[in-house]
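Each chain is listed here by its residues.
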Amino acid sequence: MKKLLILFSILIVLVACSAPENQSSELIAFIPDKTALFVKTNDLQGLQDKIKNHPFFQTLAATDLADYFSETAATASQFTGDDPALLTYTLLGKNDLDFTFISERELSRDSSFVATDTLNYNGTNIWIQDGNSPLYLTQLSKITLGSSSQLLIENAIRSFNSGQLNEDEHLAKIYRSASNSSPASLFIKGTAVAELWQLAFPHYQGKSMSNTFDWLLLDLEDTMDQAHLQGVLLTKKSDRLHLFEKNTPKTYSTATVTPSSATQMTAITYTSSEQLRQYIGVQQQADLKTFTLPQQDLLNAVDELGSIRLTSGELLALHATDIIEARSALKTIEEPMESFREVPLYRFPDSSAFAKAFSGLIELPVVRYHAYLNEHLLFADSEATLKTVIANVLNHTVWQQDPAFKEFTESMSDAASWTTIYRAEGLKGQLGNWVDDKQKKQIKQLNWEDYPYIGFQLIQDDQFMHLNVLARKNTAESQKGTVTQLASTTLQAPLSKTPLLVKNHRTKGMDVVVQDLNNTLYLISNRGKILWKKDLDGAILGNIHQVDLYKNGRLQLAFATPNTFYILDRNGEEVAPFPMRFSDAVTQPLAVFDYDGNRNYRFVIIQDKNVFMYDRDAKRVTGFTYDKAPDPVIQPARHLRIKNKDYILLALASGTLEILSRTGTTRVPVDAKIDFGEAVVFEDGTQFITYDVNGNLISINDKGGMSKVPSGLGSTAQVMEALPAAEPDFLVVLQDELLKIGTQEVTIPLGRYTAPRLFKVATQWYIALTNLDDNQVYVYDQNGKLLPGFPVYGSSGASVGFLQRNGNLGFTVQGESDTVLIYQIN
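Rules used throughout
Residues numbered from 1 in each chain as written. Predicted model: local features only at pLDDT ≥ 70, side-chain atom pairs only at ≥ 80, totals over all residues. Heavy atoms only, no water. Phe/Tyr/Trp six-rings, centres within 6.5 Å; stacked < 30°, edge-to-face > 60°. Helix = DSSP H or I, 4+ residues; strand = E, 2+ residues; numbered from the N terminus. Buried < 20%, exposed > 50% of the residue type's maximum accessible area, 1.4 Å probe, protein only. Pairing = 2+ DSSP bridges. Axes fitted to C-alpha atoms, helices over the stretch in contact; angles between N-to-C directions. Salt bridge = Lys/Arg side-chain N within 4 Å of Asp/Glu carboxyl O. Contact = heavy atoms within 4.5 Å. Core = buried A, V, L, I, M, F, W, Y, C linked by side-chain atoms within 4.5 Å. pLDDT = per-residue confidence, 0-100. Parallel < 35°, antiparallel > 145°, perpendicular 65-115°, else oblique. Polar contact = N/O pair within 3.5 Å; in protein donor to acceptor, adjacent residues only side chain to side chain. Lys, Arg positive; Asp, Glu negative; His and termini not counted.

## What about the packing of aromatic side chains?
Summed over all chains, the structure comprises 27 aromatic pairs. An angle of 70° between the planes, with centres 6.1 Å apart, marks the rings of Phe38 and Trp215 as edge-to-face. One end of the pair, Phe38, is in strand S1 (residues 35-41); the other, Trp215, is in strand S9 (residues 215-220), with 177 residues separating them in the sequence. Under the relative-accessibility criterion, Trp215 is labelled buried at 3%.

Written as structure tokens, this is what we have:
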């Protein structure tokens, strides 16, 4: 039945054996024609118990597969007991499988067996047992057969009586290789794979699974810390995997250039390009005397093909046996581009070369860019993908450095002909795209958190191709101390603003918003995909705010340019009655007040001396009577709340600090003047605090009295507000090579730094700053400790937050002048 297909298809997609045993092959003679797969076991009930109690297989318990396998195995175990038995699944109907069990135990019609009807076919009795669905049983010599299909039982009787039982020599050969000590052995027929695949994954659009192998055997290893299947695979000359018949397994290196964020890695090693040429030629039915592969000279210098899948694109990694020869093969066709992190980039004009060269073996993407990195040639479908991989290799954030990956590969071979390894979550997502909605929901709910990697290997031997299929429980400590570049997105022009993480109300994660020098605004997913672009009439002033204008949880972007006040929705569309356009220039960034936290927003627009407050309907707030300052306003308006009282603050060019009530009347008169610098005014208990341009500490009480004392910081200090008034001692100050975070002092390398930026993520505070002299980003926690894995590359201030809901911490930063980088902090 279709319910059974998902697990077996996972094993196929994942596509040292025990020594051959001398065992009876009498049972396989009764396997029905068109059998797609079957399970051999010496104790079917015991197998059920092992699967039920195994941690990995427990993750599948909520699927239709588990229900159906339990149902068919329970039915069969009534009649097979602890004797050797086969449980087969046969393709009869267009969209269905029928099961049959075959056992050496003679049919015993005791109290557990109640036949509701009896038929006679060719002189042999068929007993029918009704239940949820009929079960048909018969006894042929000492062999008991039971099936969900009457037709299959009749076929078995006819074949037995005529002496024409199953005589598949390849099956008999591989059947004898199954381990008698294994709790179960799984056999899959290669000619049935394509139909099984289509039934299991109706939305699959990739390469056909036809002509992959002849028979596949997997023995289940009896271990609790991993789901480990080992076995063998037989091929015919027409099968795609026949390429490896004379192949010598080699150590693969693709994991050394696979970014930590990758969802899949495949490494194929081969002995010689001549062997590859002949195999592909046969697959394409070409004349081998004249047939050549695209880029044959390059492939002559290569012994490994690596395919790497990221959420943002795909990449090929060719391992060169002679990197000089490999580079020489491309020298006449490659088109130089700019360098990235001192690695030269090239355009690759023969974009479909590798898809053609390996068309009989694996589906590969069209590639347009390449680079050389150590002994690897990296080819990518996009410039951004190529840069992402280079950045991760240079940052040492690759699979090979992950302790969980190292532990996982301990149960696999170092040398293999073919290795494919998936990130478990990535595999779930891939499978989910291929199935119907019901199965997609079940796959999504699979809890593979303890099994970060799932993979398989093919290892060619003299007579067989050996297989490893593995899902191993991770016991290694998580790889803290790495920062992985997830994406690199190139804009149409250089950036004009620091990229900013903004909430995605749909996913509860974060996206990136950024503007370029052409005044185009971009919204970019946390995986680097440009979601939309919008041309604006000018550069955005200051910060971009997020508001919930309709109080329904859907967030909008609010900001001002020198001539316009915009509010855009999630799709980049303007939200009526906005935008508001002004004839006089807006001179300060938009300020957004939410006095009571009830989303009754007040928007403050400043035009030199003029101060305008608007509501969500773009109407002037009539209750706010302050409309013009005596001098130009030099900072964005601020709102502070101290002891349940609201204060609106305006810093003026004359040095005056206006402290107003909600209505715009003076709430605290301040007569003394302040030499305002970059520091804003913030609250400290019952006082207003700021630092002037010379670094003096300015304190103003609730009566307007002001004190000025030297702070020792000097005029070069950059002072940032941090935690709220409940923690008044927490202040962030950057001065020369000293970063002060609360009471902690951190010495940093000399350089020109961006102002420290503070971010509260969940309950923790983080401080980010960038050394612009060497393009290094630093992120500290609130205790003044540099996060592991830092510094990393970046050329602007950084924006920090959870990339996914309750997921890993991450940040975005400018890379090259026109590039947005997205990092994940592990």
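Having seen the structure, we can now continue with the description.
## Remarks on the sheet that holds strand S32 (residues 591-593)
With respect to topology, 3 strands assemble into an open sheet ordered S32-S33-S34, the strand pairing being antiparallel. Two strands lie at the open edges of the sheet, namely S32 and strand S34 (610-614), each paired on one side alone. When the angles between neighbouring strand axes are averaged without regard to direction, this sheet yields 25°. Where S32 meets strand S33 (residues 602-607), 3 bridges bridge the pair, whose relative direction is antiparallel. Of the residues in S33, the one forming a bridge with Phe593 is Arg602.

## Here we look at the pairing of strand S12 (residues 264-269)
Counting buried residues along S12, 6 of its 6 residues qualify, which places the element largely inside the surrounding structure. Burial along S12 is two-sided: the residues Gln264, Thr266 and Ile268 and Met265, Ala267 and Thr269 are all buried. Across 6 bridges, the pairing between S12 and strand S13 (residues 302-310) is antiparallel. For Thr266, the partnering residue across the bridge sits in S13 and is Ser307. Examined bridge by bridge, S12 and strand S20 (residues 418-423) share 5 bridges and lie antiparallel to one another. Residue pairing for S20: Thr266 is matched across the bridge by Thr420.

## Describing the sheet that holds strand S40 (residues 687-691)
Ordered by their spatial adjacency, 4 strands build an open sheet running S39-S40-S41-S42, and the pairing between neighbours is antiparallel. Every interior strand has two partners, whereas the edge strands, strand S39 (682-684) and strand S42 (706-709), have only one. Strand-to-strand, the axes of this sheet are offset by a mean angle of 30°, without reference to chain direction. Sheet topology note: the strand S41 (residues 697-700)/S42 ladder contains 4 bridges and is antiparallel. Bridging from a neighbouring strand, Leu697 pairs with Val709 of S42.

## Points about the pattern of salt bridges
Pairs may arise between side chains of opposite charge once their charged atoms sit close together. Scanning the entire structure with this criterion turns up 20 salt bridges. A salt bridge links Arg570 to Asp511; its shortest N-O distance comes to 2.5 Å. With Arg570 in the loop between strand S30 (564-568) and strand S31 (580-581) and Asp511 in strand S25 (residues 510-515), this pair connects stretches of sequence that are 59 residues apart. Between Glu574 and Lys534 there is a salt bridge, with the nearest N and O atoms lying 3.4 Å from each other. Here Glu574 is found in the loop between S30 and S31, whereas its partner Lys534 is found in strand S27 (residues 530-535), with 40 residues between them in sequence. A residue is classified by how much of its surface remains accessible, and Lys534, at 18% relative accessible area, is buried. Linked through salt bridges whose partners overlap, the residues forming this network are Asp596, Arg641, Asp646 and Arg662.

## Digging into helix H8 (residues 273-283)
Residues that lie three or four places apart on an α-helix share one face, since the helix turns once every 3.6 residues. Those residues of H8 that sit buried are Ser273, Gln275, Leu276, Arg277, Tyr279, Ile280 and Gly281. Contacts made by the buried residues of H8 are with helix H9 (296-300) and helix H11 (353-357). Phi for Gln285, located one or two positions after H8, is positive at around 55°.

## Let's talk about the nonpolar core
Of all hydrophobic cores here, the largest spans 88 residues; its most connected members are Leu298, Phe354, Phe358, Leu377, Phe379 and Trp418. With 5 residues, helix H7 (residues 193-200) is the single largest residue contributor to this core. Leu377 has contacts with Leu298, Leu316, Ala317, Leu318, Ala320, Ile323, Ala326, Leu330, Ala371 and Tyr372, leaving out every residue within four places of it along the chain. Grouped together as the second largest cluster of nonpolar side chains are 33 residues, Phe340, Trp399, Phe408 and Met412 included.

## With respect to the confidence of the model for the protein chain
On average, residues of the protein chain carry a pLDDT of 85, and 89% of them reach 70 or more. Under a pLDDT of 50 for its full length, residues 1-25 has, in the predicted model, 79 contacts with residues more than four places off or in other chains. Note that pLDDT drops below 50 for residues 722-728; the model gives that stretch 11 contacts with residues more than four away or on any other chain.

## Section: the packing of helix H14 (residues 424-432) against helix H15 (residues 437-444)
At their nearest, the axes of H14 and H15 sit 9 Å apart, and the two run at 175° to each other. Classified by the interaxial angle, the pair formed by H14 and H15 is roughly antiparallel. Here H14 contributes Lys428, Leu431 and Gly432 to the contact with H15, which in turn contributes Lys440, Ile443 and Lys444.

## A short note on the side chain of Ser185
Structurally, the position occupied by Ser185 is in strand S8 (residues 185-189). Exposure remark for Ser185: the relative accessible area of 1% places this residue in the buried category. Here the side chain of Ser185 touches Asp219 through a polar contact of 2.4 Å, side chain to side chain. Setting aside its immediate chain neighbours within four residues, Ser185 contacts Phe38, Val39, Lys40, Ala178, Ser179, Leu217, Leu218 and Asp219.

## Notes on unusual backbone geometry
The general pattern is negative phi for most residues beyond glycine and trans for most peptide bonds. Of note, the bond from Ala576 into Pro577 is cis; its omega dihedral lies within 30 degrees of zero at 5°. As for its position among the elements, Pro577 is in the loop between S30 and S31. With omega at 10°, the peptide bond leading from Phe578 into Pro579 counts as cis. By the element assignment, Pro579 lies in the loop between S30 and S31. For Asp608, which is not a glycine, the phi torsion comes out positive at approximately 60°. When you line up the elements, Asp608 lands in the loop between S33 and S34.

## Some thoughts on the side chain of Glu304
Here Glu304 lies in strand S13. No salt bridge forms around the buried Glu304; measuring N to O, its nearest opposite-charge neighbour Lys250 is 8.1 Å away. Side-chain polar atoms of Glu304 contact the backbone nitrogen of Ser253, separated by 2.9 Å. Side chain to side chain, Glu304 and Thr254 meet in a polar contact 2.5 Å long. Leaving out residues up to four positions away in the same chain, Glu304 has contacts with Thr251, Tyr252, Ser253, Thr254, Ala267, Ile268, Thr269, Tyr270, Ala317, Leu318 and His319.

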